[in-house]
Amino acid sequence: MIEYPILFDAVVIGGGHAGCEAAHALARSGFQTLLMTLDVDRIAQMSCNPSIGGIAKGHITKEIDALGGLMARVADASAIQYRTLNASKGPAVRSSRVQCDTRQYRREMLKRLSEIPNLSLVQAKVGDVLICDGQVCGVLAEDGVCYRCRCAVLCTGTFLRGLCHIGEYQFHAGRAGDASSDRLSQRLQEMGIGLKRLKTGTPPRLSRKSLDMAQFECQPGDDPVMPLSFYGSGPSLPQVPCHIAYTTPHTHDIIRAARSRSPLFNGAIHGTGPRYCPSIEDKVFRFADKDRHQIFIEPMGLDTDEIYPAGISSSLPFDVQLEFIHSIPGFEHAHVIRPAYAVEYDALESGQMTHAMNLRQLPSVFVAGQINCTSGYEEAAAQGLMAGINAARFLSGLEPFVLKRSEAYIGVMIDDLVMRGADEPYRMFTSRAEFRLSLREDNADMRLSEYGHQLGLLSDDDFQKFSTKRQHIQQLTDLLLQLKTSDLTPDASRPELPSSGRLAQILKMPQVSIEDMARRNPIIQQYPRDVRFCVETNLKFDGYIQRENSRIQAFVDMETRTIPKDFDYKTVHGLTTEILQKLEKYRPANLGEAGRIPEMTPAAINAIWIALK
């Protein structure tokens, strides 16, 4: 064994979206950090799809940005289309989605990481995490080099015993083109860490010039655009449209006829796949009444011919893939650059991680991303950020930084993973949040930027931008509480407004928008568009927000009823054996957490409360 001459504070294993955020947070916190990855040139590789954001994922991306993370800024620097999803619905469920130039995304992330003091990168395959007296003391690469450290962050993605499937053909890889990490998976099990198999997949990549683009529906982006980052410089690349295609009944017949050759159905795949992002063969059989399925045709970048056809992930043999692809209108002569494939990988059994993102049995080992049974770049990046923050606090001897469910979608996700676990790859949805009207995209900075600044991740300059925006929101709110209808210039083309009344009250009318008022009042017009939107939402939904705040207070009350770490649940009268086992497994920190344990009953919570009193 060769001992590397530098003692690192932390080693981050894996250079995906989780690893990049974890390494950034640790290094920005002042700790000597090493980011180990299989291929430095493929750091932040967008291996599954070429976009950032989406339903609830846009919320998470903006929360990462508010806390001082990198994802939103890098996405803006590589954005080639912005689109607001659920734009016709209420503000709580509207989500931003950005199509990215995947090569530019990688280049921009690598550039930003390279500029961070205290952060070093190394290309190596990890074979072991070394434990001395119950604490991490080093990370051993398979080439025999030992990198000494005081804690480790595992961001292994789909690489732990990764196995890819294209029909009958199987090959060991974390993704096509990159080797899997089998030795590390074995060592984790030898340390007593429970693992299970999960599965994900990706569609084929097609040549744009081989497609008949005239047969597809054009899907333009937003104009004007709203950047993902509250603090970045916004988009700099040309904006391009996406397109929509559809499968046909003939497509489905081809897939049905090949059922016995699909690893999903013939027993070759043992891992559990994501319910909410199924492969095309899964959709054809699960939704047999549908005669077509939508395909989103997304460019992989401005300087590549490669197209990502979202919606036709598959593990079928290549000849079947080719046949069903050519049955889709506009795809008749499609050239397949890379075939679709499924990948199985190891992930943690539920119940082993704490809210601080470290392992209960090995507190100096932190975990983030798909190893925690999640899917998606955004979920991974958020976990990486929180794992990096808490690894830094662990090294400093500080209490963990934990976001509550009432504060952020990130808090909802981590609490779900810790208290409820995941039997399949976890994906964030707005419906998972109890307080989603308060956890909107537009107010993520108002909710979390003070935390980001306190943690040292959000710069003084960015915090000043936040403070200025907060002042503008208050100023515009006060202004609308003072101005009347008479302060607006007449406009016959706009909705008729009441002859009297304050604008703040009139704005509650569904047919009235703050943009109408801005066009008719130069003082309102001078405030930035994001400030106007935030003020409008706060005023329009003021009654609902107040009601939700009451629910949040009740939630917070439960969270403050702490349970001592050494509390003996056997002393609580009336708990069943099953409930006792779950309480011992999860060791909830408060009554709120206890109530979110699967199969926990109100009677059990009441019994614990009485025992505590």
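In case you missed it, the structure is sitting above this.
Residues numbered from 1 in each chain as written. Predicted model: local features only at pLDDT ≥ 70, side-chain atom pairs only at ≥ 80, totals over all residues. Heavy atoms only, no water.

What should I look at first to understand the overall build of the protein chain in this one?
Summing up its helical and strand segments, the protein chain has 20 helices and 22 strands in all. Relative to the compact-globule value of 25 Å for 613 residues, the protein chain shows a C-alpha radius of gyration of 25 Å, a close match. Along the three orthogonal principal directions, the C-alpha set of the protein chain runs to about 80 × 70 × 55 Å. Every one of the 613 residues in the protein chain was classed for burial, and the buried ones make up 57%. Sequence separation of 24 or more characterises 72% of the internal contacts of the protein chain that already satisfy a separation of 6 or more. Of the roughly 24,900 Å² of accessible surface on the protein chain, a fraction of 51% belongs to carbon and sulfur atoms. (Helix = DSSP H or I, 4+ residues; strand = E, 2+ residues; numbered from the N terminus. Rg over C-alpha atoms; globule rule 2.2 N^0.38 Å. Buried < 20%, exposed > 50% of the residue type's maximum accessible area, 1.4 Å probe, protein only. Contact = heavy atoms within 4.5 Å. Areas by Shrake-Rupley, 256 points an atom, 1.4 Å probe, with all protein chains shown as cover.)

Please clarify how empty space enclosed by the protein should be interpreted in this entry.
A water-sized probe, rolled over the atoms, reveals where empty space remains. Scanning the entire structure with this criterion turns up 4 cavities of 30 Å³ or more. If you add up the space inside the largest cavity, you get close to 110 Å³. Lining of the largest cavity is provided by Leu-348, Glu-349, Ser-350, Gly-351, Gln-352, Met-353, Asn-372, Cys-373, Leu-417, Val-418, Gly-421 and Ala-422. Partitioning the lining of the largest cavity into residue classes produces 6 nonpolar, 5 polar and 1 charged. In terms of lining, the second largest cavity is formed by Lys-199, Thr-200, Gly-201, Pro-274, Cys-277, Pro-278, Ser-279, Ser-313, Ser-314, Ser-315 and Ala-342. Take the lining of the second largest cavity: its biggest share by element is 3 residues, from strand β14 (residues 195-202). In terms of residue class, the lining of the second largest cavity is made up of 4 nonpolar, 6 polar and 1 charged. (1 Å grid on protein atoms, 1.4 Å probe; cavity = no way out; pocket = protein on both sides within 12 Å on 5 of 7 lines; lining within 4 Å. Points joined across faces, edges and corners; volume = space filled by probe spheres on them. Nonpolar A, V, L, I, M, F, W, Y, C, P; charged D, E, K, R; others polar.)

Any chance you could explain unusual backbone geometry here in plain terms?
Trans is the common state for peptide bonds, and a negative phi is the common state for residues other than glycine. Of note, the bond from Asp-223 into Pro-224 is cis; its omega dihedral lies within 30 degrees of zero at 5°. Here the phi dihedral of Ala-56 falls at roughly 65°; this positive angle occurs in a residue that is not glycine. Structurally, Ala-56 is set in the loop between β4 (51-53) and α2 (57-66). The buried category is assigned to Ala-56, whose relative accessible area is 0%. The backbone of Arg-587 shows a phi angle near 45°, a positive value even though the residue is not glycine. Among the secondary structure elements, Arg-587 is positioned in the loop between α18 (577-586) and α19 (591-595).

Just to check I follow, could you spell out the pairing of strand β10 (residues 145-148) for this structure?
Regular strands place their side chains on alternate faces of the sheet. Looking at chain direction, strand β1 (residues 2-3) and β10 are connected through 2 bridges and run parallel. Across the sheet, residue Ile-2 finds its bridge partner in β10, namely Val-145. Note that strand β9 (residues 135-141) and β10 share 3 bridges and pair antiparallel. Each residue of the ladder has a partner; that of Leu-140, found in β10, is Cys-146. In this antiparallel pair of consecutive strands, β9 and β10, the connection spans 3 residues, and Gly-144 shows a positive phi of 95°. (Pairing = 2+ DSSP bridges.)

When you look at the environment of Glu-548 in this model, what are you seeing that I'm missing?
With respect to the secondary-structure elements, Glu-548 resides in helix α17 (residues 542-559). For Glu-548, a relative accessible area of 7% gives the class buried. Counting along the chain gives 111 residues from Glu-548 to Leu-437, while the straight-line C-alpha distance between them is 7.7 Å. Excluding its chain neighbours within four sequence positions, the residues that come into contact with Glu-548 are Glu-434, Phe-435, Arg-436, Leu-437 and Ser-438. Polar contacts involving the side chain of Glu-548 include one to the side chain of Ser-438, which spans 2.6 Å. (Polar contact = N/O pair within 3.5 Å; in protein donor to acceptor, adjacent residues only side chain to side chain.)

Which parts of the structure should I look at to understand the packing of helix α11 (residues 444-454) against helix α12 (residues 460-482)?
The relative placement of two packed helices is expressed as an angle between their axes plus a distance between the axes. At their nearest, the axes of α11 and α12 sit 10 Å apart, and the two run at 150° to each other. Overall, the two elements α11 and α12 adopt an arrangement that is roughly antiparallel. Both α11 and α12 take part in a crossing whose hand is left-handed. Contact residues: Asp-445, Met-446, Ser-449, Glu-450 and His-453 in α11; Asp-460, Phe-463, Phe-466, Lys-469, Arg-470 and Ile-473 in α12. Here the residues of the contact of α11 with α12 sort into 4 nonpolar, 2 polar and 5 charged. (Axes fitted to C-alpha atoms, helices over the stretch in contact; angles between N-to-C directions. Parallel < 35°, antiparallel > 145°, perpendicular 65-115°, else oblique. Left-handed = near helix turned anticlockwise from the far one by under 90°.)

What is the right way to read the sheet that holds strand β6 (residues 95-100) from this model?
Across a sheet, strands are paired by hydrogen bonds formed along the backbone, either parallel or antiparallel in direction. Taken together, the 3 strands give an open sheet; going across it, the order is β4-β6-β5, and neighbouring strands pair in antiparallel fashion. Edge positions in the sheet fall to β4 and β5 (79-85), since each of these pairs with one other strand and no more. Sheet twist, expressed as the mean angle between neighbouring strand axes with direction ignored, is 20°. The pairing of β5 with β6 spans 6 bridges and is classified as antiparallel. Bridging from a neighbouring strand, Thr-84 pairs with Ser-96 of β6.

Explain the state of the cysteines here, please?
In protein chemistry, a disulfide is the covalent bond that joins the sulfur atoms of two cysteines. Under the criterion given, the structure shown has 1 disulfide. The residue that forms a disulfide with Cys-132 is Cys-137, at a sulfur-sulfur distance of 2.1 Å. Disulfide Cys-132-Cys-137: torsion about the S-S bond near 50°, hence right-handed. Classification of Cys-132 as partly exposed rests on a relative accessible area of 39%. Residue Cys-137 is classed as partly exposed on the basis of its relative accessible area of 23%. The structure places no disulfide on Cys-164, whose sulfur is separated from the nearest cysteine sulfur, that of Cys-48, by 12 Å. (Disulfide = S-S within 2.5 Å.)

In this structure, what is going on with the pattern of salt bridges? I would like to understand it.
Oppositely charged side chains may form a pair once their charged atoms are brought near each other. Tallied over the full model, the rule gives 41 salt bridges. Note that Asp-253 and Arg-256 form a salt bridge whose closest N and O atoms lie 3.1 Å from each other. Of the two residues, Asp-253 and Arg-256 both sit in helix α6 (residues 249-257), 3 residues apart, roughly one turn of that helix. The residue Asp-416 makes a salt bridge to Arg-420 at a minimum N-O spacing of 3.1 Å. Note that Asp-416 and Arg-420 are positioned in helix α10 (residues 409-420) at a spacing of 4 residues, about one turn of the helix. What you see here is one network of salt bridges that share partners, running through Arg-405, Asp-415, Asp-416, Arg-420, Glu-434, Glu-559 and Arg-596. (Salt bridge = Lys/Arg side-chain N within 4 Å of Asp/Glu carboxyl O.)

Would you take a moment to explain α6 for this structure?
Counting along an α-helix, one turn takes 3.6 residues, and residues three or four places apart therefore face a common direction. The complete set of buried residues in α6 reads Thr-251, His-252, Ile-254 and Ile-255. The buried residues of α6 occupy an angular sector of 155° when the element is viewed end-on, so they sit on one face. The inward-facing, buried residues of α6 contact α7 (280-286) and α8 (318-326). (Arc of directions from axis to C-beta.)

Teacher, can you tell me more about the side chain of Glu-441 here?
Turning to its location among the elements, Glu-441 is positioned in the loop between α10 and α11. In this structure, Glu-441 is buried with no salt-bridge partner, the nearest side chain bearing the opposite charge being Lys-62 at 4.8 Å. Setting aside chain neighbours within four positions, we find Glu-441 in contact with Gly-58, His-59, Lys-62, Arg-94, Ser-95, Ser-96 and Phe-230. (Lys, Arg positive; Asp, Glu negative; His and termini not counted.)

Quick question: what am I supposed to make of the environment of Arg-529 here?
Among the structural elements, Arg-529 can be located in helix α16 (residues 529-540). For Arg-529, a relative accessible area of 33% puts it in the partly exposed group. Taking the C-alpha atoms as reference, Arg-529 lies 19 Å from Val-98; in sequence the two are 431 residues apart.

These figures come from the coordinates and say nothing about function on their own.
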